[in-house]
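Architecture at a glance
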Amino acid sequence: MGGGAPLLHLMLGGLGALLTLSTPSTLARLVGSWMNLGLQGYEVWRNPQIYLIGAQPLCTQIPGLSAGQKKLCQLYQDHMGSVGRGAKTGIHECQWQFRHRRWNCSTVDDSTVFGPVLQIPSREAAFAHAVASAGVVHSVSRSCRDGQLSTCGCSPARRPKDLNKEWIWGGCGDNVEYGYKFTQGFVDVREREKNYKRGSLRQGRQLMNLHNNEAGRRAVIRKTRVNCKCHGVSGSCSLITCWQQLASFREVGDLLKDKYDGATEVKINRRGKLQVKHPQYNVPTGEDLVYLHESPDYCKRNNTVGSLGTQGRICNKTSQGMDGCGLLCCGRGYNSQKVTVRERCQCKFHWCCVVECKTCFRVIDLHTCK
Amino acid sequence: MAGAIIENLSGRKLGILIMFLLLCQVVCFLVGALIAPAPSSVLSVLGTKCVDKQYSREKWYYPRGKGRCLHRISNPQDPEVAKQGISANHIIFTFQIPSPKDNQILDYSRWQQNLIAMMHLDILYKEEEAEFDPNALMTIEARLGYRNKGDPDDRWTEYATSTEERILDCSISPEHRKAEYMYNCSSVPLFELGSLHHDFYLLNIRLPIHTPKEPRDHPTNVYLGALTDMWVAFIHQNGGFTKVWVSLKTVFFPTIVSIMVWFWRRISHLARPPLLLEYMLMVLGAALTLLNCPLEYLTLAFDCPWMTVVSDIRQGLFYASLLSFWLIFTGEHLMDDIERNNVRAYWRHLSAVLGGCLCLFIFDMCERGVQLSNPFYSIWVTEIGTNLALAFIILAGVCAGLYFCFLSYMIWKVFINISKKRQSLPAMSSTRRLHYEGVIYRFKVLMLATLLCAAMTIIGFILGQVSEGQWSWDENIKLEYTSAFFTGVYGMWNVYTFALICLYAPSHKRWPKDQDTQSSTGEEIEFSRLATEPSEMSSITAYVTKAATD
């Protein structure tokens, strides 16, 4: 791994398209997110040709991409399906990780993806950026490996003059590396497009996004497993070849969740660099998440910050944790009702595709926050 | 072996020769470090899951090009898949290699020499009960085909087909026992090709199950659980490395051959018949020549699947002759005044070498030999095969241990004798002194050189195991360490053999004339204990014992 900073830019880079929300209370101009790619229907990516009729290609029609990202999108159209799938994976993972939290990573139906709440440079924004950029690394690396992306580079470090000769001479680099490099280019580009005043909050936000994007990408690399094969004389280990194996994305999500719990609060200084806000804490590494502001109150619905509130959320009466009714409902109390649920149970799983399940009916107490 | 060149060469000439050899050694190392790429590369490919409800063994399924399979699934656990009535028998994992890069269709080159495939399965942990056994026996129906440049996209020719069994080795740590986590499964060897003769390869793999109609007394592939993806890592030698390697061989081959010719002409000009050690030097040279012979050129024109077996054998022969040479060299320098000069005198020691090599040869033939007919074969998959392979390897290890005991014992004895002779040296006549000094000198030089070479090899090997394979000097200069290790070690043993043949050849020079007036040519021959008359030896023995007691 090279220096940490350039790697961090993947996820939230697509915030370029400016969308002015009509809500009168919204003060800031909200920017769309490239993660919007993840919310596009699968059909768009499966059959991009239908969107290419006329002079307006698909890339300019998706809100949320920045100018640079639109260019990259046009250059690497076959990658966009993977980027979209990656963003989707990231968003799903975010929702799974935060399913018991006050903020549950809910998406809204516009190009900002998560709504105005992530315009606040909070811990949650840090996580969202990291997990989406991780999703793209994961997905691009995967697509590269099944040979569906024709443009997976060979060794991005030194562009070969004649690819075929280069391939015969020295083989090709790992595709996880390619996924990482591509994601870096695509997600981080939006944070580099605009120059804000040094030391301003906006510049701080850029740096924060870049850092968290990198942390997400590194989480994927960190979780890859290395497999090796000895194939020297008579199969001895005088010659070993190793390659990387992607872990399941849940593992990456869990790692990032840990990083979220240990995220560091930083501030932007006058020289335009991030620095730790409370000097007693350690300086974050390239794999840690950083945030600028404390999270808003997610308890009550607040359209100004975009918080949906926890009213109506299902909580766990017996739990003492975040999903417990006490914490999740922010002390407002909860309603209980008995409901009968129908669910699959005693499932038996057969390779490849057969799941034999029974259907069970259970009566459960459902608690929802007031 | 009286009066080898090494004893009679002047210090200046010896210095020049050693400098030259060292230079060759450094050049070999740098060629590997700076010019050659890494010895091998990996192409890790994710299998495309093609679906065909009318699966036929005669049909090829491939993900790219004209006639590619159109019905694919991404996740077998998707309820949609079950709804469509797809079963494991309809799913074919396809791997079309090499993958395209940068909008170019790449093809394999014959310079890339060989292909090894390792399979890796992604199996999800299911909280629901899945029929999964972490050490399940998989039945794999595998089919390997090839296509050449200029062939139409759909013309795949069968290369090998086989139904193989492999044992899964999966585990999951308790903290990872949650949904969406994957089992940690180790890679399974799939096939090995000794030659990469064709341009494109296609691998079709099916993990069939018995249909309800068929009898299920021996359930196949039932315990595979939530298998979602199959990866295959294809390892090939890098073309650049082959080029550098073959070039080295092309240079070494004539060099060693010519030094051997020179050596043999020198011996045949002597009045006496060649000594055992001289024969051994020739054997060592011949084994190295066999190893140096750039047979790899053949693979560029012909399909030579036997190439890996042949290179294993060549390497084995070289090791065997090197080990035997050390033994016999030490034995001939024992200075215990027992006439040997005969291979039969070393049968116990040599049988350790031969036994070890034979074990490794049998093991190699069981694995790579059988792979000639079925590339999917692996000795490690069955329990009997594993035990057999282990038995041979352990036996070879025992032989190696035995050999080193013999060798260390003999070296120890030589050193004891050396210190004994040292004490009696001043009392000897100058010719005898020169003879023994020569023996001691020859032995010590070889000992030093051998230890140095062996230590360098071992250190290099260990460094290679701990390092990342690529060392960076600065931003611009990247050292390819693994390649440098290979070319360096290869060059080193060539230089070593060259030096041995060159320096241990018999010298034309007489004993230096200014040394002592007492010495005469007649006396020299008489005192050479390696000369043919044993009666003369006993008199020397008597003399030495007397000198020692004095």
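Analysis parameters
- Residues numbered from 1 in each chain as written.
- Chains lettered and ligands numbered in written order.
- Predicted model: local features only at pLDDT ≥ 70, side-chain atom pairs only at ≥ 80, totals over all residues.
- Helix = DSSP H or I, 4+ residues; strand = E, 2+ residues; numbered from the N terminus.
- Buried ≥ 20, exposed ≤ 12 C-beta atoms within 10 Å, placed from the backbone.
- Contact = placed C-beta atoms within 7 Å.
- Nonpolar A, V, L, I, M, F, W, Y, C, P; charged D, E, K, R; others polar.
- Domains from an automatic or database assignment.
- pLDDT = per-residue confidence, 0-100.
- Expected span 1.5 Å × (residues − 1).
- Pairing = 2+ DSSP bridges.
- Axes fitted to C-alpha atoms, helices over the stretch in contact; angles between N-to-C directions.
- Parallel < 35°, antiparallel > 145°, perpendicular 65-115°, else oblique.
- Left-handed = near helix turned anticlockwise from the far one by under 90°.

1. Some remarks on the overall build of chain B
On a plain count of helices and strands, chain B comes out with 13 helices and 15 strands. Relative to its 550 residues, chain B shows a buried fraction of 40%. Considering only contacts in chain B between residues 6 or more positions apart, those separated by 24 or more positions represent 82%.

2. Some details on the overall build of chain A
Within chain A, the secondary structure is distributed over 10 helices and 10 strands. Out of the 370 residues belonging to chain A, those deemed buried represent 47%. Residue pairs at least 24 apart in sequence account for 71% of intrachain contacts in chain A once pairs closer than 6 positions are excluded.

3. Brief notes about the interface of chain A and chain B
Contacts between the two partners involve 42 residues from chain A and, on the opposite side, 64 residues from chain B. Of all elements in the fold, only α5 (123-145), α6 (163-170), β3 (225-230), β4 (240-245), α9 (249-261), β9 (334-350) and β10 (354-369) of chain A reach the threshold of two or more residues within the side of chain A that touches chain B. The greatest single-element share of the side of chain A that touches chain B, amounting to six residues, is contributed by α6(A). Taken together, the residues that form the side of chain A that touches chain B break down as 18 nonpolar, 17 polar and seven charged.

4. Quick word on the domain arrangement of chain A
All names here are of chain A. Domains assigned within chain A are domain 1 (5-303) and domain 2 (310-370). Listed per partner, the contact involves six residues of domain 1 and six residues of domain 2. Broken down by class, the residue content of the side of domain 1 that touches domain 2 amounts to two nonpolar, one polar and three charged.

5. Notes on the domain arrangement of chain B
All names here are of chain B. One can read the domain layout of chain B as domain 1 (5-39 + 240-549) and domain 2 (41-237). Counting from both sides, the interface comprises 21 residues of domain 1 and, opposite them, 22 residues of domain 2. The class makeup of the residues in the side of domain 1 that touches domain 2 is 13 nonpolar, six polar and two charged.

6. Remarks on the confidence of the model for chain A
All names here are of chain A. Considering every residue of chain A, the mean pLDDT works out to 79; 84% of them sit at 70 or more. No element of chain A has a lower mean pLDDT than strand β1 (residues 18-19), at 24, and none a higher one than strand β7 (residues 290-291), at 94. In the predicted structure, residues 1-29 sits below a pLDDT of 50 and forms 104 contacts with residues beyond four places in sequence or in another chain. Scored below 50 in pLDDT, residues 42-56 shows 12 contacts in the model against residues more than four places distant or in partner chains.

7. Considerations on helix α11 (residues 481-503) of chain B
If you check α11(B), its first and last C-alpha atoms are 31 Å apart, about what 23 residues at 1.5 Å a residue would give, namely 33 Å. In terms of residue burial, α11(B) counts as a mostly covered element, since 19 of its 23 residues are buried.

8. Overview of helix α9 (residues 383-424) of chain B
Residues and elements named next belong to chain B. Along its 42 residues, α9 runs 61 Å from first to last C-alpha, staying within 8% of the 62 Å computed at 1.5 Å per residue. Residues of α9 that are buried: Phe392, Ala396, Cys399, Tyr403, Met410, Val414 and Lys421. Of the surrounding secondary structure, the elements contacted by the buried residues of α9 are α7 (307-332), α8 (347-371) and α10 (430-466).

9. Structural notes on unusual backbone geometry
Looking along the chain, the bond that leaves B:Ile97 and enters B:Pro98 is cis, with omega of -5°. Positionally, B:Pro98 belongs in the loop between β4 (91-97) and β5 (115-124). Its identity as a non-glycine residue notwithstanding, A:Cys105 has a phi of 65°, on the positive side. For A:Cys105, the position within the fold is in the loop between α4 (77-97) and α5. According to the C-beta neighbour criterion, A:Cys105 is buried, with 21 such atoms within 10 Å. Even without a glycine there, the phi angle at A:Cys330 is positive, about 55°.

10. Things to note about the sheet that holds β5(B)
Residues and elements named next belong to chain B. If you walk across this open sheet you meet the four strands as β1-β13-β5-β11, and the pairing is antiparallel. Each of the sheet's edge strands pairs with one partner strand only, and the pair in question is β1 (40-46) and β11 (188-193). The mean angle between the axes of side-by-side strands here comes to 20°, regardless of whether they run parallel or antiparallel. The sheet contact formed by β5 and strand β13 (residues 226-237) spans 10 bridges and is antiparallel. From the neighbouring strand, Met118 faces β13, where its bridge partner is Ala233.

11. Examining the sheet that holds β7(A)
Within a sheet, adjacent strands bond to each other through the backbone by hydrogen bonds, running parallel or antiparallel. Residue and element names in this part refer to chain A. The three strands lie next to each other as β6-β5-β7, forming an open sheet whose pairing is mixed. Two strands in the sheet have a free side with no partner beyond their single neighbour: β6 (274-276) and β7. Two strands pair when backbone bridges link them, and strand β5 (residues 264-268) and β6 are joined in this way by three bridges, in the antiparallel orientation. Its bridge partner lying in β6, Val266 is registered against Val276.

12. Digging into the packing of helix α5 (residues 276-292) of chain B against α11(B)
Residue and element names in this part refer to chain B. Closest axis-to-axis distance for the α5/α11 pair is 10 Å, and the angle between their directions is 150°. Put simply, α5 runs roughly antiparallel to α11. Of the two possible hands of crossing, α5 and α11 adopt the one that is left-handed. Facing Leu281, Leu284, Gly285 and Leu288 of α5, the residues of α11 in contact are Asn494, Thr497, Leu500 and Ile501. Its residues assigned to classes, the contact of α5 with α11 comprises five nonpolar, three polar and no charged.

13. Quick notes on the packing of α8(B) against α9(B)
To characterise two packed helices, one gives the angle between the axes of the helices and the distance between these axes. Residues and elements named next belong to chain B. With their axes 8 Å apart at the nearest point, α8 and α9 run at an angle of 160° to one another. Judged on the interaxial angle alone, α9 and α8 are roughly antiparallel. At the point where α8 passes α9, the crossing takes the left-handed sense. Two secondary-structure elements touch here, α8 through His349, Ala352, Val353, Gly355, Gly356, Cys359, Leu360, Ile362, Phe363 and Cys366 and α9 through Leu388, Ala389, Phe392, Ile393, Leu395, Ala396, Cys399, Ala400, Leu402, Tyr403 and Phe406.

14. A few points about the confidence of the model for chain B
All names here are of chain B. In the predicted model, chain B carries a mean pLDDT of 84, and the fraction of residues at 70 or more is 87%. In this model residues 512-550 is a low-confidence stretch, pLDDT under 50, and it forms 40 contacts with partners more than four residues away in sequence or in other chains. Interface scoring of the predicted complex returns ipTM 0.80; its pTM is 0.84.

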